[in-house]
Amino acid sequence: MAILDILTLPDPALKQVSEAVTEFDDALRAFIADLEETRRNGPAAVGIAAPQVGYFKRVVIIDCSTTRKPVPNHGYLVLVNPEITHWEGYEPGREGCLSVPDYTGNVIRATRIHLVARDPNGEPLEFDMEGYEARAVQHEIDHLDGLLFVDRVVSRRTDLFKRKVYQKGGGS
Amino acid sequence: MTNNWYMLTLIGEDKPGIVAAVTQALFERGLNLGETSMLRLGGNFTIMMMVGGVQQEDELRAQLKPVIEAQGMRLHVDAIQGRLHEHVLPNIQVTVTGADRAGIVAQVTAALTDVGFNILDLESDVAGTAHKPVYIMQIAGVADAPIEKIEAALEALRKDGVDVNVNAVDTYIG
Ligand SMILES: [Zn+2]
């Protein structure tokens, strides 16, 4: 186990698109253990994506079970090759990122999603998610597609007066 | 090298090109921008920005005079501490919407102050039409008090077509 270095803005590698995982082997699982240790080390990190530590494979970890005010969630999740197959609704919410220290902003995300993925052994996973957990997955899949939340931040003023429909932001 | 920090306040009639002209003038004088807010308010363009540089205040004013005059703006300068990288995360958001009622901002913020709510950011606006204005205010801030206590403090203001909502802000970090 090891705590990995987190890439931060303006590292151009954060723009790189990650590749699908094809080998569900011990090397993958060892990396996932390091990624989780890195997430737990990060200040208040709820999620993390593999490319944030320079590993350009489609792996993310989220755990929405520890919010101050409890939210609907599926607990600690390792999602390999995650893909959102259905989006519904949109709402603003505040986000920050391990790769963009000391900055937060409001981002519009889909309220409800359907997600398919694999676990670290290659077994299929499927979830209906909402709210904060759906936001977590969308933020992390953006990383897999080389996107940062800073490119999606809206002002509260903009949000109120120019309600815009959430645009499918990659991942599939 | 940045020795001195100033808060510049610039106000003038809104027109295209103000930001470009002002920031170009700052750049040419070797001044750095810190945190800024630039916003159109009721036909005026307003700028508040942290600016850092080696200049003394008089020198800064003299250097900016041409661009300020060319843009038809007024300038106010305050020497400040350039405290960057000290963002405070809001944990509560309060939204007030409804009929434009005299004193509502004072009433809401007084109630928030009483429960120890510290305002980080307040935006208020008048939407709707001239005939039927709608007042919208969003306040983001920090409070140790539980959300129920903040809601209770604001409950009395929910009347005469004014709605007040209090929401926890759980910032997603990932
Ligand atoms: Zn992130």
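Residues numbered from 1 in each chain as written. Chains lettered and ligands numbered in written order. Predicted model: local features only at pLDDT ≥ 70, side-chain atom pairs only at ≥ 80, totals over all residues. Heavy atoms only, no water.

## Notes on the domain arrangement of chain B
Definition in use: Domain start and end points were adopted from an automatic or database domain assignment.
Considered domain by domain, chain B is made up of domain 1 (4-80) and domain 2 (92-168). Measuring from the centre of the C-alpha atoms in domain 1 of chain B to the corresponding centre in domain 2 of chain B gives 31 Å.

## Section: the pattern of salt bridges
Applied cut-off: The salt bridge criterion pairs a side-chain nitrogen of Lys or Arg with a carboxyl oxygen of Asp or Glu, the two atoms within 4 Å. Working definition: helices are DSSP H or I runs of at least four residues, strands are E runs of at least two. Numbering for both runs from the N terminus.
Summed over the entire model, instances satisfying the criterion amount to 18 salt bridges over all chains. For Arg-40 of chain B, the salt bridge identified is with Asp-14 of chain B, shortest N-O distance 2.8 Å. Of this pair, Arg-40 of chain B sits in strand β2 (residues 32-41) while Asp-14 of chain B sits in the loop between β1 (4-13) and α1 (18-28), and the two are 26 residues apart along the sequence. Look at the salt bridges and you will find they share partners, linking Glu-95, Arg-109, Arg-135, Asp-142 and Arg-152 of chain A into a network.

## With respect to the interface of chain A and chain B
Convention followed: Contacts are assigned to residue pairs that have any heavy atoms within 4.5 Å of one another. Two parts lose some accessible area (1.4 Å probe) when they are put together, and adding that loss for both gives the buried area. Two N or O atoms form a polar contact when they lie within 3.5 Å of each other; inside protein one atom must be a possible hydrogen donor and the other a possible acceptor, and for residues adjacent in sequence the pair counts only when both atoms belong to side chains. Gly falls in the polar group here, along with every residue not listed as nonpolar (Ala, Val, Leu, Ile, Met, Phe, Trp, Tyr, Cys, Pro) or charged (Asp, Glu, Lys, Arg). Note on pairing: two strands pair once DSSP finds at least 2 bridges between them.
Tallying the contact residues gives 27 residues for chain A and 25 residues for chain B. Summed over both partners, the interface of chain A with chain B comes to about 2200 Å²; 51% of that surface belongs to carbon and sulfur atoms. The interface formed by chain A and chain B contains 0 salt bridges. Run the count over chain A and chain B and you get 12 residue pairs in polar contact (both at pLDDT 80 or more). Those elements giving two or more residues to the side of chain A that touches chain B turn out to be β4 (91-97), β5 (100-109), α2 (131-144) and α3 (156-161) of chain A. If you tally residues by element for the side of chain A that touches chain B, the top one is α2 of chain A, at 6 residues. Tallied by class, residues from the side of chain A that touches chain B come to 11 nonpolar, 7 polar and 9 charged. Note: β4 of chain A against strand β9 (residues 172-173) of chain B, 2 bridges, orientation parallel. Its bridge partner lying in β9 of chain B, Glu-95 of chain A is registered against Tyr-172 of chain B.

## Here we look at α1 of chain B
All names here are of chain B. Where we set the bar: The buried label applies to any residue whose accessible area, calculated with a 1.4 Å probe on protein chains only, is under 20% of its type's maximum; exposed applies above 50%, and partly exposed to all values in between. Comment: arc refers to directions from the helix axis out to C-beta atoms.
Every buried residue of α1 is listed here: Ile-18, Val-22, Ala-25 and Leu-26. Projection of α1 onto a plane perpendicular to its axis shows the buried side chains occupying an angular sector of 100°, all on one side. Within α1, the exposed residues directed more than 90 degrees away from the buried face are Ala-20, Phe-27 and Glu-28. Close packing links the buried residues of α1 with β1, β2, β3 (44-53), α2 (57-70) and β4 (73-80).

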